[in-house]
Amino acid sequence: MPSSHCIFAVPSNRLYRLVALSLLLTLGIGALFARVVWQMQDERWAATRRVNASLAQVLAHSLGRGLDAYDLSLKGLIQGLDDQAIMGLPAAQRQRALFDQSMGLTDTAGMLVLDSHGDVVLDSTSVEPRRANLADRDYFQVFAQGRHQGLYFGAPVLSRLTGRYLLPMARARHHADGRFAGVVVGGLRLEYFNNLFSVVDLGPQSGITLFLADGTVVSRYPSQDAEIGKSIAGSEDLRRIQAERSGSFISADAIDKVERFDTFRHVGAYPLILSVAQSKDSVTQAWQRSAWVLGGFAALLMLAALALAALFVRELQRRQHVAQQLQQAEHDVRTILDNLPSLVSYWDASLHNRFANKAASAAFGLTPKGMQGKEASELLGALDYALVEPYVQHALGGEPQVFERTMRSPATGQVRHNHIVYAPDRPDSQGPVLGIFAQVTDITDRKRMEDALFDEKERMRLTLQSIGDAVVCTDAQGRVTYINPVAQRMTGWQAFDAADQNVDNVAPLHRTNGECVNPSPVRQALQTGKPCGPTRGVVLHRRDGHRYVVEETASPITDRHGQLTGAVMVLHDVTETMALAERMAHLAQYDALTDLPNRVLLQDRARQALALARRDGKTLAVMYIDLDGFKQVNDTLGHDLGDQLLVQFARRLQAAVRQSDTVCRQGGDEFVVLLPGLEGPQQSAVVARKVLAVCQAPFDLQGREARVGLSAGMALFPQHGSSFEELARHADTAMYAAKRSGRMQVRCYTGAGQEPTLLAREHAAEPDAA
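Residues numbered from 1 in each chain as written. Predicted model: local features only at pLDDT ≥ 70, side-chain atom pairs only at ≥ 80, totals over all residues. Heavy atoms only, no water.

## Describing the sheet that holds strand E10 (residues 259-266)
Turning to step 1, where the next piece is worked out: The strand order across the open sheet formed by five strands is E8-E7-E11-E10-E9, and the pairing between neighbours is antiparallel. The sheet is open, and its two borders are formed by strand E8 (217-221) and strand E9 (246-252), each paired with just one other strand. Each neighbouring strand pair of the sheet contributes to a mean axis angle of 20°, computed without reference to strand direction.
Turning to step 2, where the next piece is worked out: Relative to strand E11 (residues 272-279), strand E7 (residues 207-212) runs antiparallel, the two sharing six bridges. Residue Phe211 lies in a different strand from E11, and its bridge partner there is Ile273.
Turning to step 3, where the next piece is worked out: Relative to E8, helix H5 (residues 190-197) is tilted by about 35°, and along the sheet it contacts E7, E8 and E11.
Turning to step 4, where the next piece is worked out: Against the sheet, helix H6 (residues 236-243) makes contact with E9, E10 and E11, and its axis sits at roughly 170° relative to E9, the strand it touches most. (Pairing = 2+ DSSP bridges. Helix = DSSP H or I, 4+ residues; strand = E, 2+ residues; numbered from the N terminus. Axes fitted to C-alpha atoms, helices over the stretch in contact; angles between N-to-C directions. Contact = heavy atoms within 4.5 Å.)

## Side note on the environment of Leu274
Turning to step 1, where the next piece is worked out: Examined against the element boundaries, Leu274 turns out to sit in strand E11.
Turning to step 2, where the next piece is worked out: Look at Leu274 and you get buried, because its relative accessible area is 0%.
Turning to step 3, where the next piece is worked out: Along the primary structure Leu274 and Leu63 are separated by 211 residues, whereas in three dimensions their C-alpha atoms are 9.5 Å apart.
Turning to step 4, where the next piece is worked out: Beyond its immediate sequence surroundings of up to four residues, Leu274 is in contact with Ala56, Leu59, Ala60, Leu63, Phe197, Ile208, Thr209, Leu210, Thr263, Phe264, Arg265 and Val267. (Buried < 20%, exposed > 50% of the residue type's maximum accessible area, 1.4 Å probe, protein only.)

## With respect to the layout of surface pockets
Empty space among the atoms becomes visible once a probe the size of a water molecule is rolled across them.
Turning to step 1, where the next piece is worked out: Of the voids in this model, the largest pocket is the one considered here, and its volume is about 670 Å³.
Turning to step 2, where the next piece is worked out: In terms of lining residues, the largest pocket is bounded by 20 residues, among which Gln57, Arg245, Arg265, His266 and Gly268 are the most central.
Turning to step 3, where the next piece is worked out: Counting only elements with at least two residues in the lining of the largest pocket, the list comes to helix H1 (4-82) and E10.
Turning to step 4, where the next piece is worked out: With seven residues, H1 is the single largest residue contributor to the lining of the largest pocket. (1 Å grid on protein atoms, 1.4 Å probe; cavity = no way out; pocket = protein on both sides within 12 Å on 5 of 7 lines; lining within 4 Å. Points joined across faces, edges and corners; volume = space filled by probe spheres on them.)

## Thoughts on the side chain of Gln401
Turning to step 1, where the next piece is worked out: Residue position: Gln401 is located in strand E14 (residues 401-408).
Turning to step 2, where the next piece is worked out: Residue class for Gln401 comes out buried when judged on its relative accessible area of 12%.
Turning to step 3, where the next piece is worked out: In this structure the side chain of Gln401 is engaged in a polar contact, spanning 3.2 Å, whose partner is the backbone oxygen of Glu399.
Turning to step 4, where the next piece is worked out: If we skip the residues at most four places from it in the chain, Gln401 touches Tyr391, His394, Ala395, Ile420, Val421 and Tyr422. (Polar contact = N/O pair within 3.5 Å; in protein donor to acceptor, adjacent residues only side chain to side chain.)

## Regarding the pairing of strand E25 (residues 670-678)
As a general feature of sheets, a regular strand has side chains that alternate between the two faces.
Turning to step 1, where the next piece is worked out: Burial within E25 is extensive, with seven of its nine residues counted as buried.
Turning to step 2, where the next piece is worked out: Pairing geometry for strand E23 (residues 619-628) and E25, over seven bridges, is antiparallel. Its bridge partner being in E25, Thr619 is matched across the sheet by Leu678.
Turning to step 3, where the next piece is worked out: Judged from the five bridges that link them, strand E24 (residues 662-667) and E25 form a sheet pairing that is antiparallel. Each residue of the ladder has a partner; that of Cys664, found in E25, is Val672.
Turning to step 4, where the next piece is worked out: In sequence, E24 turns back onto E25 through a hairpin of two residues, with Gly668 there showing a positive phi of about 60°.

## Points about a nonpolar patch on the surface
Turning to step 1, where the next piece is worked out: Taken together, Leu23, Phe297, Leu300, Leu303 and Leu306 make up a surface patch of nonpolar side chains, about 490 Å² in accessible area.
Turning to step 2, where the next piece is worked out: Ranked by the residues each element gives to the nonpolar patch, the list is headed by helix H7 (residues 280-314), at four residues.
Turning to step 3, where the next piece is worked out: Mapped onto the elements of the fold, Leu23 is located in helix H1. (Patch = residues over 30% accessible without salt bridge, like charges linked within 9 Å, V, L, I, M, F, W, Y side chains within 5 Å. Areas by Shrake-Rupley, 256 points an atom, 1.4 Å probe, with all protein chains shown as cover. Salt bridge = Lys/Arg side-chain N within 4 Å of Asp/Glu carboxyl O.)

## What about the sheet that holds strand E20 (residues 532-541)?
Turning to step 1, where the next piece is worked out: Reading across from one edge, E18-E17-E22-E21-E20-E19 is the order of the six strands in this open sheet, with antiparallel pairing throughout. Looking at strand neighbours, the two that pair on one side only are strand E18 (480-483) and strand E19 (509-510), the edges of this open sheet.
Turning to step 2, where the next piece is worked out: Relative to strand E22 (residues 564-573), strand E17 (residues 470-475) runs antiparallel, the two sharing six bridges. Across the sheet, the residue bridging to Cys473 is Val568, located in E22.
Turning to step 3, where the next piece is worked out: Its contacts with the sheet put helix H18 (residues 575-587) on E20, strand E21 (547-558) and E22, and the angle it makes with E21 is roughly 130°.

## Things to note about the confidence of the model for the protein
Turning to step 1, where the next piece is worked out: Per-residue pLDDT for the protein averages 83, and the proportion of residues at 70 or more is 92%.
Turning to step 2, where the next piece is worked out: Mean pLDDT per element in the protein: strand E31 (residues 768-769) is the minimum at 44, and strand E28 (residues 709-717) is the maximum at 94.
Turning to step 3, where the next piece is worked out: Here residues 1-10 is a poorly scored stretch, pLDDT under 50, and it has one contact once near neighbours within four places are set aside; other chains count.
Turning to step 4, where the next piece is worked out: Here residues 764-770 scores under 50 on pLDDT; set against residues more than four positions off or in separate chains, the count is 21 contacts. (pLDDT = per-residue confidence, 0-100.)

Here it is in structure tokens:
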């Protein structure tokens, strides 16, 4: 008979093994849950980084658009100040012309125009500008001292009028010769930034801060006026922010010392930095709660494992051990299946349900036990079952089925998109199919995202098809991948012909002198990875030789990883705009009817001619001419024929003088002739006779003859004046003396109180209109 030691030796050894196994299982569970907890922490930080980066990008883009609009208003104001036509308007009209333009922003503080001494000369809020000197402001000093060009952002200041903080934005004005003329300055109330940031709730001790590039705090939301104007210059945070365009880091705030997860982004090309910061405690709070819950659950599982080991020891000799083990296994499997996001079920060969997890039973509005024994057609309904029956029959035939189907939920009635898998249960590959496993995964959200992506792509396609500018897209090697209809028209290439062609061949760009633009904007964007342009005045040569003057811009295209994938070039046709600009520039100096120089161009030429006359010791003459009888032609033949007479007279007068002389139309029937480089007063008499001869022959006005006379007065430099204005006044006096003396004569000014002398006279026929 075996001893008691021998009898219990085997159970004792098994006990030790089971205890060791339970300890290993406990450690394994602890390690597994620790890994899950740390993975949850990493995912939490990653999610926070993505959310903060998206918020920073959206807010920076919105700020950039608003600042672009406000800067455009400052530029428009500078252009208006340089426009003599606007500055010559009455004060109220000038105020509307200069300042009544949409700036695209609310919470603006108006605009001021400062002269070169810092005095306010124009105010957008009042026709009568306030009496103030702002020469002490930083935005005035940097321009006055020539230390900055372009748009300047000043430090936040407290308004002297409203008591609110403002962010000054300023641009310098310069005279035509480049001298400093003053500053145009506007301001954004800091409420603008707070209103923009208030839509975001980041949690306690979190917020959004806007810095200048030097670290000065512009706005801090939630609003804390005491921190406006403070600087983080010299801090490690600022060095990180200045080193990159965007990024994230964890550090103690340089101002309030609260540890935060900080995501920053530069605002476009402006010297502004946007910081989205969440306190570390708010980020980790949810993770800590989950960690405690999972830790408790892990502890329970570890205790359960130890308890199971004790159960193994206690029930080692009993048959119930096997039953309990199977029961535990069934429980574990059901727990796993019940926590899957998919609908999992098993159907026997007659399509009666034998198993369903909680998600599957809930979809039919039943409990797992309530579903057992139900027939598939009964649960699905005749219509939905008819849709899936072919797949079911193939699965019962031993063929796995994977497909997608749109079905209506029996429980909620909602239409859902599902990914369905039918796996046949065939233990023996040659034996019969005992049933099928069904797994249904709801992909409604994924489908919705796919549809949204398709709609976005379609909107983008229609937008590119509809815009009025030419759009050309290329790959990273500069080969064309897309051109819109406008680009097809302007380049002369069809889309299918242009595909995979060198972009410089499809859209060749030249400068106005005919030189090729090398490198082209697309090549430059691909080489530097940075946008270029806009550049106006570039000439696009179409395939058939036609040319367009365009404004071109090009930008690189990158994927979400920052890898360069191509470039896009936009060509805006400015041919008509450039032609109109040239025409307007011409009309600014020439008379619209006769195409003679107007008074503006005459005065400019007169200043140059007087300077040459002083240098060379020559004589210069100014002649004023007035037509006699022109009013009678207008009254009898009409204004159209009167205009024709003026044009013909202008051509005759130009032909009668030298090419170096300037013939100007003053207005109406008055003309002025500038005669530089005369050798002496005697030469002026020769010119006077030529001018009188202009009216000897009648004027042919559409088959009708008309005669007019003229009266002219002349003044000489240096005898009768040293400036153009003085010579013009004396020539006008001599002209009226000629009219009083019988007309059709030229008289020369002799001095104040003296009758002008006669230079030339013609006995003309009476002015008439035949």
